[in-house]
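This is what each chain is made of:
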Amino acid sequence: MKLPRRSVLKALGAFASLPVGRMLSQSIAHAQGMPPLKFIGVYHPHGVSAECYARRPSETDTQFDLNFADSALTPFDSPSLYGGRSFKNRIITFEGVDLAVAELSGASGHGAAVTLFTGSMTTGGDHNAQGASLDQYLARTLGLGLNTPFPTLNLGVGSLGDANQDAIAMGPGGAVIRNQLDPVVVFDQVFANLTGNTDVTAAEAARRRGQSVIDFVRGDLNSLSGRLATQEKLKLEQHLSAMRDIETRLNAVRTTTTCTQPARPQKTGNANAALNFPQIYKYNGGEPYFDRIADLQIDLLAQAMLCDSTRFATLFLDDIGKVFTVDGVQLPADVHNEVAHTYSGSGSSTIALGRLNRYYYGKIARLMQRLDEGGLLDSTVIVAGSDMGNPSAHSMRDIPLMIAGGANGALAMGRRLKATGTGLNSHAKVLVSVAKLFGDQSNTFGVSTDPSLITGGFTGL
């Protein structure tokens, strides 16, 4: 399969203003050989230990180590944990990004959760969002999810989301969409009547189409290189490197991947008692089972994506609650008050919060692993973040935020980006950039009294 040359050259003509990676995405879309683009928004609580998250002084946006002492990000570069996989080149982390829209509207740290995926200001003492979350906007407003059985899946662990500090999925006007907490209910809704199938021939044809597109586009990009300034050549080489990674993964995609019905979870009576989860609600007996429920929800979500039951989802990971161990180290009994609220930016408080962050990033890495096992990570955009930066101050400045996956080659992954603007650097601009990946042409996303906070994509992304 060959693309019309005029289509490729038209994209190259916009090189000065558009990333080459997006051109590649458009070309692959023409080829119709890559899976449909999917979106998952993941929330985790308690902000971030900046010292365990931030880039080291000598590092650059493309040259960095995730395994420094006490790093919160080690799950993304731990092949021994994820079947030989490292996800270092499948993430983009952000620093210096703020929940500016929430701060401008007077939200507190916990009340800003509703802003994470809506980019929306809040009103009232309950911090009510005024707009839809990105998953709902893409799936329902733009109609990209209407041809699947479930336009969106909104899963959670611990809290229903009926309080705004626990809500991340919103319909039009900010209507709260509750988190589905029970893995048994998720199974019965999504998989009970599922009939699995295997289409090896179609999978192989899709792989070959994607490969031929990459070969064709790469030739034109190489010829373009001689006409570029040094700085632009460096950018181009970064995109070409990303293309080589995609090429390698296309060749490695297993054509035996199937949509299969997973085992129905059992709340009790499992041969291994560690697999039981008789309670699911936080503060109502569910805390000891948080880890088991989180793993089930992650695995079910990934399988739902693999079966094309949905392409848009959110996953709410709540406070882990009572006594918990991370990397073999026991955390205090109350991580909210004894870890998050005691964080001071130095000493043991930094390490403790970094360890808690590492737990949540491990769950995101597990989701990436499951998607990668099914050959879908490259066609998925995962946006993960929290409702605050410094949790002891409930600050909405410098929040942890990342994009993971592959976006069908439209983003150069494996980067650690720092916001360059002065003043507030609105996270909503990242949401604008993500919406554009799905073809949204509005150049704005969210609701704010200051339109500049929700207009235009994130510089450098």
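Our subject is the structure listed above.
Residues numbered from 1 in each chain as written. Predicted model: local features only at pLDDT ≥ 70, side-chain atom pairs only at ≥ 80, totals over all residues. Heavy atoms only, no water.

## Notes on the state of the cysteines
Here's step 1: The full count for this structure, using the stated rule, is one disulfide.
Here's step 2: The disulfide bridge from cysteine 259 ends at cysteine 307, spanning 2.2 Å between sulfur atoms. Taking the sign of the torsion about the S-S bond as the criterion, the disulfide between cysteine 259 and cysteine 307, at about 105°, is right-handed. Taken together, the positions of cysteine 259 in the loop between helix 8 (230-252) and helix 9 (290-306) and cysteine 307 in the loop between helix 9 and strand 6 (312-317) put the pair 48 residues apart, joining distant regions of the chain. Each member of the pair, cysteine 259 as well as cysteine 307, carries the same accessibility label: buried. (Disulfide = S-S within 2.5 Å. Helix = DSSP H or I, 4+ residues; strand = E, 2+ residues; numbered from the N terminus. Buried < 20%, exposed > 50% of the residue type's maximum accessible area, 1.4 Å probe, protein only.)

## Focus on the pairing of strand 2 (residues 91-95)
Here's step 1: Of all five residues that make up strand 2, five are buried, and the element is covered over most of its length.
Here's step 2: Judged by which residues are buried, strand 2 turns out to be covered on both faces: Ile91, Thr93 and Glu95 on one side and Ile92 and Phe94 on the other are all buried.
Here's step 3: Relative to strand 10 (residues 401-405), strand 2 runs antiparallel, the two being bridged by four bridges. Opposite phenylalanine 94, over in strand 10, you have leucine 401 as the bridge partner.
Here's step 4: Sheet topology note: the strand 2/strand 11 (residues 415-418) ladder contains four bridges and is parallel. (Pairing = 2+ DSSP bridges.)

## Describing the sheet that holds strand 10
Here's step 1: Judged by pairing direction, the sheet is mixed, and its seven strands sit side by side in the order 5-6-1-9-10-2-11 without closing on themselves. Two strands close off the open sheet at either side, each with one partner strand: strand 5 (153-157) and strand 11. Sheet twist, expressed as the mean angle between neighbouring strand axes with direction ignored, is 15°.
Here's step 2: Where strand 1 (residues 38-43) and strand 6 come together, five bridges link them in parallel fashion. Bridge pairing in strand 6 places phenylalanine 39 opposite phenylalanine 312. (Axes fitted to C-alpha atoms, helices over the stretch in contact; angles between N-to-C directions.)

From the geometry alone we can't say anything about function, so treat these as descriptive.
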